[in-house]
Amino acid sequence: MLKPNLCYQNLAESYLFSTVAKKVSAYQAANPDKPVLRLGIGDVTLPLAPAVIEAMHGAVDEMSKKETFKGYGPEQGYPFLKESIRGYYARRGVALESDEIFISDGAKSDCGNILDLFDKDNVVLVPDPVYPVYVDTNTMAGRKIIYASANKENGFLPMPDASVDADIIYICSPNNPTGASYSKAQLEKWVEYALKKNAVILYDAAYECFVTDGAVRSIYEIENAKKCAIELCSFSKTAGFTGTRCGYTVVPEALEFSGMSLRKMWLRRQTTKFNGVSYIVQKGAAAVFTPEGEKQIAENLAYYRENAKIIADCMDECGVFYTGGKNSPYIWLECPKGMTSWEFFDYLLENIQVVGTPGSGFGKNGEGFFRLTAFGSRETTLEACKRLKTLLKK
Ligand code: MLT
């Protein structure tokens, strides 16, 4: 008789963002005359940059001709895109080999897939609050998860505790959901800890493009990080690829455990279970790194940063405590009047039709907090802030 994976019984009934979407749809169905302003899921609203679109059109044309048509591509990505990414890192002083870079359909999938490389008995250390994918994917695999407390006192940036043993360590900086970002000195401590424990850091750099104050953008800016860290990144937030799907994972050659190369294992895993990202999408992604692409993308990022500033200024005006909004598109705020995260969610939805994400959905420490995203349109952001000011200043 088939035995299902019983670990699924240990998951929350639905994925956080699906729960939020369901609640919003129910509200919308009951109140069709009150359109909601969505600042919940971190989904972009600006269209793809013209340079990306042009490159994708060119790739579609190539697919239409016998001479230039492409069938299966390399599972680990086309060399042209890997070289562009290599150049992107090199410009920031990080030297990577092309075969350390693996193209994927996004950081979320790779976050889950990478776990194929690790034994079930490893102990996983995640911050609390945290992007739910790290917890859910390890719960599905039945791994033991321990938490590093991120809270108001430590600025939502927990530091390693030498008395705690962990094998797989998740770090997301700039952080989702809190928007807090680690300094170089702090990341040096994490790398030191991982090396001491013979552990691997899974570094989620999906929001690196929002760093503006010279803070760290890649874990490989830290000395010796190539000996202990895998970096996951994405075009979703950088270039608006949430619906287009493209990301990449860096697995350095130097990562070896029990005589096994994680890079070789990942290559083996990807060539077996994955047939690569479509040529058309990879062509579009490569255009992100051309001079016109970079310029256009910088304009889009500036637009979202301005949204973040509008929300942060609104919180300042309302006297609400928050983190993020600076090196990050997320504003992580403390719910006013001692409300729980879901109480505040309902309060905003019912009174001003503004949707955010309840902090408790990201972990126990997120209770009493709430996340707003800067990825909405300018009109939505301005209108939401206007309504927030009226409501919260009451
Ligand atoms: C979020 O809202 O946290 C993100 O959109 C999730 C994701 O990137 O998968």
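Small disclaimer: the values here were computed from a predicted structure and weren't measured.

> Looking at this model, I keep getting lost on the overall build of the protein. Mind explaining?
A tally of regular secondary structure across the protein gives 12 helices and 15 strands. On C-alpha atoms alone, the protein measures out to a radius of gyration of 21 Å, which is about the 21 Å that the 2.2 N^0.38 rule sets for 394 residues. A sequence separation of at least 24 residues applies to 73% of the contacts in the protein between residues at least 6 apart. Placing the 45 positive and 47 negative side-chain charges of the protein at their respective mean positions leaves the two points 2 Å apart.

> Before we go on, may I ask you to explain the sheet that holds strand β4 (residues 144–149) in this structure?
One key point about sheets: their strands pair by backbone hydrogen bonds, in either a parallel or an antiparallel sense. Across the sheet, which stays open at both edges, the seven strands sit in the order β2-β8-β7-β6-β5-β3-β4 with mixed pairing between neighbours. Among the strands making up the open sheet, the edge pair consists of β2 (101–104) and β4. Between one strand axis and the next, the sheet turns by 20° as a mean value, whatever way the strands run.

> I keep staring at the packing of helix α1 (residues 16–30) against helix α11 (residues 341–352) and nothing clicks. Help me out?
For any two helices packed against each other, the geometry comes down to the angle between their axes and how far apart the axes lie. At a closest axis distance of 12 Å, the pairing of α1 and α11 adopts a crossing angle of 30°. The two elements α1 and α11 cross, and the hand of that crossing is right-handed. Contact residues: α1 offers Thr 19, Val 20, Lys 23, Val 24 and Tyr 27, while α11 offers Trp 342, Phe 345, Asp 346, Leu 349 and Glu 350. Residue composition of the contact of α1 with α11, grouped by class: six nonpolar, one polar and three charged.

> Hey, could you run me through the domain arrangement of the protein in this one?
One widely used convention gives an interface's size as the accessible area the parts lose upon coming together. Each domain of the protein was delimited in the assignment, giving domain 1 (14–43 + 292–392) and domain 2 (50–291). Taken residue by residue, the interface counts 32 residues in domain 1 and 38 residues in domain 2. Summing both sides of the interface, domain 1 and domain 2 together bury roughly 2900 Å²; the carbon and sulfur share of this comes to 55%. In this structure, the salt-bridge partner of Lys 152 is Glu 334, at a minimum N-O distance of 2.8 Å. Of all the secondary-structure elements, those providing two or more residues to the side of domain 1 that touches domain 2 are α10 (291–318), β11 (322–324), β12 (330–334) and β15 (369–373). Per-element tally for the side of domain 1 that touches domain 2: the top contributor is α10, with nine residues. Looking at the side of domain 1 that touches domain 2 residue by residue, the class counts come to 12 nonpolar, 11 polar and nine charged.

> Would you explain the nonpolar core in this entry?
Most often, soluble globular proteins have nonpolar side chains that are buried together. One finds Phe 118, Ile 169, Ile 201, Phe 235, Phe 241 and Tyr 248 to be the most contacted residues of the largest nonpolar core, which totals 129 residues. When we break this core down by domain, the ones giving at least three residues each are domain 1 (14–43 + 292–392) and domain 2 (50–291). Once you skip the residues sitting within four places of it in the chain, Tyr 248 turns out to touch Ile 85, Tyr 88, Tyr 89, Ile 101, Phe 102, Ile 103, Ser 104, Asp 110, Glu 231, Leu 232, Cys 233 and Phe 235.

> So what exactly am I meant to see when it comes to the side chain of Asn 327 here?
Mapped onto the elements, Asn 327 comes out in the loop between β11 and β12. A polar side-chain atom of Asn 327 sits 3.0 Å from the main-chain amide nitrogen of Thr 212. Polar contacts involving the side chain of Asn 327 include one to the side chain of Asp 213, which spans 3.1 Å.

Rules used in this analysis
Residues numbered from 1 in each chain as written. Predicted model: local features only at pLDDT ≥ 70, side-chain atom pairs only at ≥ 80, totals over all residues. Heavy atoms only, no water. Helix = DSSP H or I, 4+ residues; strand = E, 2+ residues; numbered from the N terminus. Rg over C-alpha atoms; globule rule 2.2 N^0.38 Å. Contact = heavy atoms within 4.5 Å. Lys, Arg positive; Asp, Glu negative; His and termini not counted. Charge placed at Lys NZ, Arg CZ, Asp CG, Glu CD. Pairing = 2+ DSSP bridges. Axes fitted to C-alpha atoms, helices over the stretch in contact; angles between N-to-C directions. Left-handed = near helix turned anticlockwise from the far one by under 90°. Nonpolar A, V, L, I, M, F, W, Y, C, P; charged D, E, K, R; others polar. Domains from an automatic or database assignment. Buried area = accessible area lost by both parts, 1.4 Å probe. Salt bridge = Lys/Arg side-chain N within 4 Å of Asp/Glu carboxyl O. Core = buried A, V, L, I, M, F, W, Y, C linked by side-chain atoms within 4.5 Å. Buried < 20%, exposed > 50% of the residue type's maximum accessible area, 1.4 Å probe, protein only. Polar contact = N/O pair within 3.5 Å; in protein donor to acceptor, adjacent residues only side chain to side chain.

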